[in-house]
Structures are given as structure tokens and as C-alpha cells.
Amino acid sequence: MSAAAKGLARWHEVIDGGSDPAALGAIMREDAVFHSPVVHTPQVGRPIVTAYLAAAGKTLGNESFRYLREVVDGETAVLEFATEMEGIQVNGIDMITFDEEGLIKDFKVMVRPLKAVNKVWEMMAAQLERQKSA
């Protein structure tokens, strides 16, 4: 099994388990990088990447969330997803690059259409604020 296939299997286990922050942190490198569709600079380091992915799990990962297809090539997996957020249809991709041990080293999210990007920004900001307060 390739490192990307191993990492992707772990990713699905964590997502299916509710995107627990400790479980997310366990599948990524200390120097992992997150590229958000709404934040202009890359977020670097396990703690901040974990926070963003946990918040995404709480906002995007509702009962309508589903992965539509996966493409794996070398160390990279591209997963297309669809979900609905407060009546807005969201379509996007997770582009995940894994290291040789199957740990996440780079995670990029792209979302469409613009109305969906705005809704993701609104709900993610609120979720991140709640996480800070907790």
C-alpha cells in the first residue's frame, strides 16, 4: 500500500469518526500546511491545521456531506465533495499531499460557487471563534 493510500485510509477513518482534533493531529506532520479557500496566507503547523480541519468537520461535515470521487497519484489525493450549508449547495475539493509515512503534509481546500465560499467563510469563522472560547 502506498503512503498516499495509507494516509487516505486514515483520513477517512478520522472523518467518519467525527473529525476529533486529537485524531486529526495524529495523522499530520508537525509542519503541516493548510490552504484555506477564504484565508489568503497558508496556515502552518499541526495546531493551526488541526483547528481548521476540526472546524471544517463541524461546519461542512453535516449529514449532507459526501465525497463524490477520489483521484490518487503518487503522494497526492484529490477528493471532490458536495454538501449543503443552510440551503446553499457547496461543491469543492480537498487536495491532500502525504509524506512517505502517510502523514498529511499539505492540505488545500477549494470551494465553489462564490455564494458557497461566502457561507463557508461565515460558518468557519464562527466555529473557529467557538473553538477558541472553549
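What you see is a predicted model; the values in this text were computed from it and never measured.

Parameters and conventions
- Residues numbered from 1 in each chain as written.
- Predicted model: local features only at pLDDT ≥ 70, side-chain atom pairs only at ≥ 80, totals over all residues.
- Heavy atoms only, no water.
- Buried < 20%, exposed > 50% of the residue type's maximum accessible area, 1.4 Å probe, protein only.
- Helix = DSSP H or I, 4+ residues; strand = E, 2+ residues; numbered from the N terminus.
- Pairing = 2+ DSSP bridges.

Undergrad: Hey, could you go over the pairing of strand β5 (residues 88-98) for me, with residue numbers and the actual values?
TA: Burial analysis of β5 places eight of its 11 residues in the buried class, which makes it a mostly covered element. In this sheet, β5 lies alongside strand β4 (residues 76-85) in antiparallel orientation, the contact comprising 10 bridges. Residue pairing in the sheet places Thr76 in a bridge with Thr97 of β5. Hairpin geometry of β4 and β5 is characterised by an intervening segment of two residues between the two adjacent antiparallel strands and by a positive phi of about 50° at Glu86. Across eight bridges, β5 lies against strand β6 (residues 104-112) in antiparallel orientation. Across the sheet, Thr97 pairs through a bridge with Asp106, a residue of β6.

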